[in-house]
Amino acid sequence: MSATSAPRAIGLEAIGMRKVFGSLVALDDVSLKVPAGSFHALLGENGAGKSTLVKCIMGFYQPDAGQVLVDGRERAIRNPKEAAEAGIGMVYQHFTLVPSLTGAENLVISRPQGKMIIRWAEENAALAAFLDRMPFRAPLDRPVALLSAGEKQKLEILKQLYLDQRFIILDEPTSVLTPGEADEVLGLLRDMTRRGEVTVLMITHKFREVTAFADDLTVLRKGAFAGNGVVKNTSVESMSSMMIGDTPIRERADRVAHQNKPVVLDIAGVFADADDGRPAIEAINLKIRAGEIVGIAGVSGNGQSALVEVLSGQRPMRLGQLAIHGEDYLPNRASMARLKVFGLPEEPLKNATVPRMSVAENMAFRSFDRPPIASLKWWLSPAPMRKQAEELIAKYRVKTPSPDAPIAALSGGNVQRSVLARELSGDVDVLIVANPCFGLDFASVAEIRAQIMDQRNRGAAVLLVSEDLDEILSLSDRVAVMSGGQITYVEEIGKTDRATIGAHMAGGGH
Amino acid sequence: MNQPVTVPAGMTASNRAGGERLARFRRGAEAVAIPLLALLISAGLFSIFLLILGKSPVQFYSLIWLGGFGTPFSWSNTLLRAAPLMFAALAVAIPARLGLTMIGGEGALVLGGFAAAAVAVPMIGTTNPLVMHALMLMVAMAAGAFWIGLAGGLRYYRGVNETISTLLLSYIAIAIMNFFVEGALRDPADPNKPSTKTMLPETMIGKIPGIDVHWGLAAAVLTCLLLYVLMQRTTYGFACRIAGGNPRAALAQGLPVGKLIVSAAMIAGICAGLAGYFEVAAVHGKANASLAAGYGFTGILVAFLARHNPLAIIPVAILFGGIAAAGGIIQRRMGLPDASVLLLQGLTVLVLLASETLYGRFRLFNPTIRTERT
């Protein structure tokens with residue numbers, strides 16, 4: 001491929017950007033310079049203004065002040081269409097592909113000038129030629145719904161390249177990828193920047209990705225510019241202090257050594273079906289001891305979420321047996337309360353709360369039918385419910401305008417903290433955790449991991465499903481890998497490593 | 001983990017409590033103001049329709065006032081209609097708390113009324129009226145509970161859309177009544193339209209002392225109050241709100257979502273069945289086609305306008321009872337067909353559904369509105 005025929009990377013500069021929402025200054029005089037062909041990381045906590053800045057650049061918002069320069073020339077971007085015309089494309093954290101269409105169909109319909117008649121023979125030939133020029137590929141002949149998260153992410157990036165967008169903004173691109181996939185996708189993009197084919201601006205809060213792939217970085221904090229620099233001259237410590245300022249971060253809880261504790265959770269021969277009737281998990285056997293965290297690694301969509309759903313009562317079990325402390329366990333309210341089973345599901349706002357109910361009500365989901373909130377089994381008293389919420393809000397430092405505010409008004413970290421407060425404030429014997437830190441900021445992640453470790457140290461049996469291998473490696477006592485709906489590998493954490501786990505995740509590794 | 005509070009605690013606590021009261025008041029005001037606005041807009045649209053016909057909107061609305069609320073006679077007409085509307089609206093509002101749009105109140109009302117009339121037939125003039133009424137009440141509630149409960153079960157266990165199934169079940173219920181009323185249970189002594197045997201007037205439900213309205217109105221108001229308490233202040237109501245707001249979260253809390261759905265649907269059916277019972281036992285004395293008078297459908301509108309709040313259903317049902325009561329006088333004085341009131345109701349439904357998007361948009365009611373940023 002000759003460099004001259006390929007479209008060239010473009011540079012972008014944002015100067016003095018300011019955006020005010022009502023009384024809230026979301027962006028205050030923020031500047032950012034991304035030279036053509038560089039890989040730039042935009043760091044910041046949740047709510048630091050990263051997305052607002054990017055949305056101003058993309059034309060979703062009109063900044064109240066400031067200007068955007070594309071290749072050194074001022075350019076007014078009034079809407080996303082004009083951003084696309086300027087060659088700026090964005091890959092969102094949540095996929096924007098149409099699940100029922102194939103990759104090829106998704107690429108073709110994404111073109112701004114739709115044609116009345118699509119000649120598929122021509123289009124397919126053009127797509128094949130396009131893919132030949134690309135350093136990576138994604139399957140184009142299957143419906144997107146059947147693709148893995150990594151394949152979808154690659155397809156999203158391919159879509160931007162197909163549309164000739166040469167300035168690509170990635171919004172936390174790796175939150176849905178396995179570490180291997182993340183490294184692959186980011187590595188390929190970095191190679192493309194090196195060759196001057198694209199410029200990348202990546203929103204992230206993972207330092208590992210910044211140090212491994214980015215050239216420069218800009219840090220935002222509370223809507224303001226907090227620092228920038230060249231990645232290789234900037235230490236992780238200084239990045240983190242720019243990012244979180246003087247916010248205290250909870251120390252990681254130490255792992256207390258346990259020996260020969262009894263088995264608490266016994267999952268024996270469990271089968272369950274997916275919504276479409278096909279088997280989702282088959283013959284799952286797993287024993288978890290008291291004071292043990294078993295981490296389940298796997299590429300998303302290999303049955304981990306079905307397993308969590310079976311254990312938490314959201315999906316019926318077709319065959320098999322669950323036991324806790326040797327007693328049969330059916331995931332209903334009475335057993336959960338008696339056997340002290342709790343859970344931290346992924347995306348808590350969607351899976352663990354009722355968004356329009358208040359914080360106090362959401363915090364009472366476990367306790368509303370027990371004294372002191374309930375009396376005579378039926379009567380519900382709001383006063384003790386509110387008192388419980390006030391205590392939990394103080395203890396878990398939930399930032400909320402009031403216990404009566406709808407929980408949907410809280411930030412992601414505070415929603416997760418509210419759920420944590422509800423699920424972990426009592427005695428916990430079994431804890432089912434799924435991707436607890438998905439999309440959360442640095443300080444919240446540290447705190448939530450410390451809370452999980454606390455529960456383990458107190459003797460809870462913890463099942464941790466995570467798509468973040470680092471999380472599994474840092475928390476687990478044992479690792480299990482799920483692939484194709486089955487557990488294909490179980491090992492003590494000290495006797496395995498990232499490469500072995502990765503090989504089993506990919507379905508091989510014998 | 002507790003952080004020391006640096007501001008004097010008493011100060012902040014009292015300020016916060018005041019702020020919360022204000023915020024709650026503002027949210028409450030929003031829930032009143034937006035439906036009122038919708039009512040005004042639909043009245044305005046209907047005025048345009050009247051002007052096109054060359055009729056005076058002023059005369060129309062003053063006749064509604066006169067026919068619905070202007071005299072003691074019109075008040076009793078209004079309240080007579082408000083009672084079944086309250087029950088019918090509850091039949092929509094309770095499932096709505098579980099996220100279900102069930103619109104089968106008409107059918108459950110007809111079936112409940114028919115069941116009550118049918119069970120009464122062999123007892124007319126022979127059995128103690130108290131025993132007869134107890135039996136009628138029970139079969140009316142059971143028939144309604146079975147009918148809507150069936151739609152709830154289909155919804156949870158078979159995934160059948162509850163809106164469609166309740167609507168279709170309504171037509172089946174009306175057909176069942178017609179089948180028996182025109183056949184096996186038709187009273188040969190009744191020369192007019194096909195009906196079941198009429199109850200003796202002295203054994204029918206009497207009037208509330210002082211007003212010219214039967215005891216069904218008191219029962220309806222009491223049911224509204226009871227169901228408000230059930231939904232707001234009991235563990236059952238709380239569980240329903242969790243299951244209605246997020247079924248996945250409810251399952252993860254071990255709540256029996258299927259049982260909650262079926263039981264709420266049955267409560268809805270009981271309310272509709274009660275409406276049917278009072279229509280038979282206090283108004284008609286028999287079951288015939290007049291049972292399907294549209295209360296079940298107007299009840300849907302009442303429930304939506306009341307935002308599915310059982311307390312708010314009481315005044316809204318009275319308002320709609322008044323509009324319906326004024327239908328006759330409008331027909332006589334303005335030469336407008338009876339159906340023009342239905343047109344007004346239909347317009348109100350549309351404007352009301354459109355106004356749902358207004359919630360949370362006004363800073364007056366939501367001082368903390370801000371655009372999310374990440």
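Residues numbered from 1 in each chain as written. Chains lettered and ligands numbered in written order. Predicted model: local features only at pLDDT ≥ 70, side-chain atom pairs only at ≥ 80, totals over all residues. Heavy atoms only, no water.

S.K.: Before we move on, could you go through the overall build of chain B and cite the residues and values that matter?
M.R.: Within chain B, the regular secondary structure consists of 14 helices and zero strands. Secondary structure elements of chain B, listed N to C terminal, follow the sequence α-α-α-α-α-α-α-α-α-α-α-α-α-α. Computed over C-alpha atoms, the radius of gyration of chain B comes to 23 Å, within 12% of the 21 Å expected from 2.2 N^0.38 for 374 residues, which places it in the range of a compact globule. Counting only C-alpha atoms and orienting by the principal axes, one finds that chain B spans roughly 85 × 55 × 40 Å. In chain B, which comprises 374 residues, the share counted as buried stands at 49%. (Helix = DSSP H or I, 4+ residues; strand = E, 2+ residues; numbered from the N terminus. Rg over C-alpha atoms; globule rule 2.2 N^0.38 Å. Buried < 20%, exposed > 50% of the residue type's maximum accessible area, 1.4 Å probe, protein only.)

S.K.: Let's hear about the interface of chain A and chain B: which residues, and what values?
M.R.: On the chain B side, the residues contacting the 59 residues of chain A number 34 residues. Summed over both sides, the interface between chain A and chain B buries roughly 3,700 Å², with carbon and sulfur atoms accounting for 54% of that surface. The interface formed by chain A and chain B contains two salt bridges. Of the charged contacts, one joins Arg248(B) and Glu309(A) as a salt bridge, the two residues approaching to 3.2 Å between their closest N and O atoms. Remark: the boundary between chain A and chain B carries 13 residue pairs in polar contact (both at pLDDT 80 or more). Put simply, the parts of the chain that give the side of chain A that touches chain B at least two residues each are strand S2 (24–34), helix H1 (50–58), helix H10 (333–339), helix H11 (348–351), strand S18 (379–380), helix H13 (382–395), helix H14 (412–424) and helix H15 (442–457) of chain A. For the side of chain A that touches chain B, the leading source of residues is H13(A), giving five residues. For the side of chain A that touches chain B, the per-class residue count stands at 25 nonpolar, 16 polar and 18 charged. (Contact = heavy atoms within 4.5 Å. Buried area = accessible area lost by both parts, 1.4 Å probe. Salt bridge = Lys/Arg side-chain N within 4 Å of Asp/Glu carboxyl O. Polar contact = N/O pair within 3.5 Å; in protein donor to acceptor, adjacent residues only side chain to side chain. Nonpolar A, V, L, I, M, F, W, Y, C, P; charged D, E, K, R; others polar.)

S.K.: An account of empty space enclosed by the protein is needed here, citing residue identities and associated values.
M.R.: All names here are of chain A. Using the criterion set out here, one finds two cavities of 30 Å³ or more in the structure. Quantified by volume, the largest cavity comes out at close to 150 Å³. When residues of the lining of the largest cavity are traced back to their parent elements, those giving at least two are helix H9 (304–311), strand S16 (341–344) and H14. The element that contributes the greatest number of residues to the lining of the largest cavity is S16, accounting for four residues. Residues that form the lining of the largest cavity fall into these classes: 11 nonpolar, five polar and three charged. (1 Å grid on protein atoms, 1.4 Å probe; cavity = no way out; pocket = protein on both sides within 12 Å on 5 of 7 lines; lining within 4 Å. Points joined across faces, edges and corners; volume = space filled by probe spheres on them.)

S.K.: Explain helix H12 (residues 310–325) of chain B residue by residue, including any values.
M.R.: Residues and elements named next belong to chain B. Spanning 16 residues, H12 covers 22 Å between terminal C-alpha atoms, matching the ideal 22 Å at 1.5 Å per step. Burial in H12 covers these residues: Pro310, Ile313, Ile314, Val316, Ala317, Ile318, Phe320, Gly321, Gly322, Ile323 and Ala325. Those residues of H12 hidden inside the fold are in contact with helix H2 (57–70), helix H3 (72–97), helix H7 (216–233), helix H11 (295–305), helix H13 (327–334) and helix H14 (339–355). Capping of H12 at its N-terminal end is provided by Asn309; its side-chain oxygen lies 2.9 Å from the backbone amide nitrogen of Leu311. (Expected span 1.5 Å × (residues − 1).)

S.K.: Kindly report on a nonpolar patch on the surface, identifying the contributing residues and their values.
M.R.: Residue and element names in this part refer to chain B. The grouping of Leu37, Ile41, Leu45, Ile48 and Ile52 at the surface amounts to a nonpolar patch, some 460 Å² of accessible area in total. Structurally, Ile41 is set in helix H1 (residues 9–52). Its relative accessible area of 42% is what places Ile41 among the partly exposed residues. (Patch = residues over 30% accessible without salt bridge, like charges linked within 9 Å, V, L, I, M, F, W, Y side chains within 5 Å. Areas by Shrake-Rupley, 256 points an atom, 1.4 Å probe, with all protein chains shown as cover.)

S.K.: Could you give an account of H9(A), naming the residues involved and the relevant values?
M.R.: All names here are of chain A. The element H9 is extensively covered by neighbouring structure, given that seven of its eight residues are classed as buried. Those residues of H9 that sit buried are Gln304, Ala306, Leu307, Val308, Glu309, Val310 and Leu311. Of the residues one or two after H9, Gly313 is the one with positive phi, at around 85 degrees.

S.K.: Go over the sheet that holds strand S19 (residues 430–434) of chain A with me, naming the residues and quoting the values.
M.R.: All names here are of chain A. Taken in spatial order, the six strands line up as S16-S19-S20-S13-S21-S22 in an open sheet, and their pairing is mixed. Since the sheet does not close on itself, it has two edges, and those belong to S16 and strand S22 (486–492), each with one partner. In this sheet, adjacent strand axes meet at a mean angle of 20 degrees when their direction is disregarded. With four bridges connecting them, strand S13 (residues 292–297) and strand S21 (residues 478–483) associate as parallel partners. Paired with Gly295 across the two strands is Val479, which belongs to S21. The strands touched by H9 are S13, S19, strand S20 (461–465) and S21; relative to S20, the strand with the most contacts, the crossing angle is about 145 degrees. (Pairing = 2+ DSSP bridges. Axes fitted to C-alpha atoms, helices over the stretch in contact; angles between N-to-C directions.)

S.K.: Help me get a handle on the packing of helix H5 (residues 149–162) of chain A against helix H6 (residues 179–194) of chain A, residues and values and all.
M.R.: Any two packed helices are characterised by the angle at which their axes cross and by the distance between the axes. All names here are of chain A. Contact pair H5 / H6: the axes reach a minimum separation of 10 Å and the direction vectors enclose 20 degrees. In this view, H5 runs roughly parallel relative to H6, as classed from their interaxial angle. Read as a crossing pair, H5 and H6 show a hand that is right-handed. Counting all contacts with H5, which are made through Gly150, Glu151, Lys154, Ile157 and Leu161, the residues of H6 involved are Glu181, Glu184, Val185, Leu189 and Met192. Considering only residue class, the contact of H5 with H6 consists of five nonpolar, one polar and four charged. (Parallel < 35°, antiparallel > 145°, perpendicular 65-115°, else oblique. Left-handed = near helix turned anticlockwise from the far one by under 90°.)

S.K.: Got a sec to walk through the environment of Ile103(B)? Specific residues and values, please.
M.R.: Residue and element names in this part refer to chain B. Along the chain, Ile103 turns up in the loop between H3 and helix H4 (105–120). Residue Ile103 is classed as buried on the basis of its relative accessible area of 15%. Linking Ile103 and Ser165, residues 62 residues apart in sequence, is a C-alpha distance of 9.0 Å.

S.K.: Report on the side chain of Gln165(A), specifying residues and quantitative values.
M.R.: Residue and element names in this part refer to chain A. Relative to the elements of secondary structure, Gln165 occurs in the loop between H5 and strand S7 (167–171). Of the polar contacts made by the side chain of Gln165, one reaches the backbone oxygen of Ala84; its length is 3.2 Å. Separated by 3.2 Å, the side chain of Gln165 and the backbone oxygen of Leu163 make a polar contact. When near neighbours in sequence (up to four residues on either side) are disregarded, Gln165 contacts Ala84, Gly87, Ile88, Gly89, Gln160 and Val198.

S.K.: Any chance you could break down the domain arrangement of chain B for me, citing the residues and the numbers?
M.R.: Residue and element names in this part refer to chain B. Domain parsing of chain B yields domain 1 (22–47 + 336–369) and domain 2 (56–335). Centre-to-centre separation of domain 1 and domain 2, based on C-alpha positions: 24 Å. In total, about 1,600 Å² of surface goes out of reach between domain 1 and domain 2, with carbon and sulfur atoms giving 71% of it. At the boundary of domain 1 and domain 2, one finds zero salt bridges. At the boundary of domain 1 and domain 2, one finds two residue pairs in polar contact (both at pLDDT 80 or more). Contributions of two or more residues to the side of domain 1 that touches domain 2 are made by H1 and H14. The element contributing the most residues to the side of domain 1 that touches domain 2 is H14, with eight residues. (Domains from an automatic or database assignment.)

S.K.: Describe the pattern of salt bridges, naming the residues involved and giving the relevant values.
M.R.: All names here are of chain A. Following the criterion strictly, the structure yields 33 salt bridges over all chains and no others. Between Asp404 and Arg386 there is a salt bridge, and its shortest N-O distance comes to 3.1 Å. Taken as a pair, Asp404 in the loop between H13 and H14 and Arg386 in helix H13 lie far apart in primary sequence, 18 residues in all.

S.K.: So, unusual backbone geometry: which residues are in play, and what are the values?
M.R.: Residue and element names in this part refer to chain A. In this chain, Pro371 is followed by Pro372 through a cis amide linkage whose omega measures 5 degrees. Relative to the helices and strands, Pro372 resides in the loop between helix H12 (359–363) and strand S17 (374–375). Here Glu347, not a glycine, exhibits a phi torsion of approximately 40 degrees, which is positive. As for its placement among the helices and strands, Glu347 is situated in the loop between S16 and H11. Phi is positive for Lys377, close to 70 degrees, though the residue is something other than glycine. For Lys377, a relative accessible area of 71% translates into the label exposed.

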